[in-house]
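Coordinates in review
The residues making up each chain are set out below.
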Amino acid sequence: FDFGFYRPVFDAALRHKFPILGLNIPRDYVRAVARGGLAGLTEDQKKELAPNMSLDNKQHRQVFDALMGDHPGMSNAMMDNTYAAQVLWDESMADTVVRHMAANKPAGNTVYVIIAGSGHIMYGQGIDYRLEKRGFGTGTIVVMTQSNTPLRVSNGIGDFVYVTPKQAS
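The text that follows walks through the structure, step by step, so that each part is easy to find. (Residues numbered from 1 in each chain as written. Predicted model: local features only at pLDDT ≥ 70, side-chain atom pairs only at ≥ 80, totals over all residues. Heavy atoms only, no water.)

1. So, the nonpolar core
Ranked by size, the top nonpolar core spans 10 residues in total: Ile25, Tyr29, Val30, Ala32, Val33, Leu41, Leu49, Ala84, Ala85 and Leu88. No other element matches helix α2 (residues 27-36), which puts 4 residues into this core. Not counting residues within four places of it along the chain, the set of residues in contact with Val33 comprises Leu38, Leu41, Asn81, Ala84, Ala85 and Leu88. (Core = buried A, V, L, I, M, F, W, Y, C linked by side-chain atoms within 4.5 Å. Buried < 20%, exposed > 50% of the residue type's maximum accessible area, 1.4 Å probe, protein only. Helix = DSSP H or I, 4+ residues; strand = E, 2+ residues; numbered from the N terminus. Contact = heavy atoms within 4.5 Å.)

2. Examining the layout of surface pockets
Put simply, the largest pocket is a space of about 2,400 Å³. Surrounding the largest pocket, 50 residues form its lining, Tyr6, Val113, Ile114, Ile115 and Ala116 being those nearest its centre. When residues of the lining of the largest pocket are traced back to their parent elements, those giving at least two are α1 (7-15), α5 (76-104), α6 (127-133) and β1 (142-146). Broken down by element, the lining of the largest pocket gets its largest block of residues, 6 residues, from α5. Class assignment of the residues belonging to the lining of the largest pocket gives a composition of 32 nonpolar, 16 polar and 2 charged. Computed from the structure, the second largest pocket encloses a volume of approximately 210 Å³. If you trace the second largest pocket, you find 13 residues lining it, with Phe64, Thr82, Ala85, Gln86 and Trp89 closest to the centre. Counting residues per element, the ones that place at least two in the lining of the second largest pocket are α2, α4 (58-68) and α5. Grouping the amino acids of the lining of the second largest pocket by side-chain chemistry returns 8 nonpolar, 4 polar and 1 charged. (1 Å grid on protein atoms, 1.4 Å probe; cavity = no way out; pocket = protein on both sides within 12 Å on 5 of 7 lines; lining within 4 Å. Points joined across faces, edges and corners; volume = space filled by probe spheres on them. Nonpolar A, V, L, I, M, F, W, Y, C, P; charged D, E, K, R; others polar.)

3. Let's talk about the pattern of salt bridges
This model, assessed by the stated rule, comprises 9 salt bridges. Among the ionic pairs, Glu91 bridges to Arg134, the shortest N-O distance being 2.8 Å. Of this pair, Glu91 sits in helix α5 while Arg134 sits in the loop between α6 and β1; the two residues are 43 residues apart in sequence, bridging distant segments of the chain. In this structure Glu91 comes out as buried when scored by relative accessible area, which is 0%. The closest approach of N and O atoms between Arg99 and Asp95, which form a salt bridge, is 2.9 Å. Of this pair, Arg99 and Asp95 are both found in helix α5, 4 residues apart, which corresponds to roughly one turn of the helix. Of the residues examined, Arg99 reaches a relative accessible area of 52% and is grouped as exposed. (Salt bridge = Lys/Arg side-chain N within 4 Å of Asp/Glu carboxyl O.)

Remember that the coordinates give geometry; whether it matters functionally is a separate question.
Written out as structure tokens, the structure reads:
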């Protein structure tokens, strides 16, 4: 996405001296898993992965499948690899937050804001689920979308849905 969408958040964080932490795993890892599953990673890359990576969350898989829709020409194996790449991404982002918190021992009133694509947060099944699985509870999920007309959203998609007008392209 265009960095301009995020610039005001980063500007405010810098202005107020809030720490900023990048959560993404290297894109090469995600691409390798999307092409060949977890077996597509080298042994060295596998050592860097979040521990206890799990592909068994049925609700998350349902959300993923619904988002992906029907992709003609994609075999079940290709869809499974793409799902494994999504899980790798979510697990890695959650793991980065957990490691940061362990290293920095935040105060009890510390607030973390995670900016991620809606596919990583919807229905609490991505990053939030993986943070809860690691004993860090759940957060407040704000899903953002664009529409120039009234919009109906699915119950439970997030705690809040923020709708902005579509930008002219």
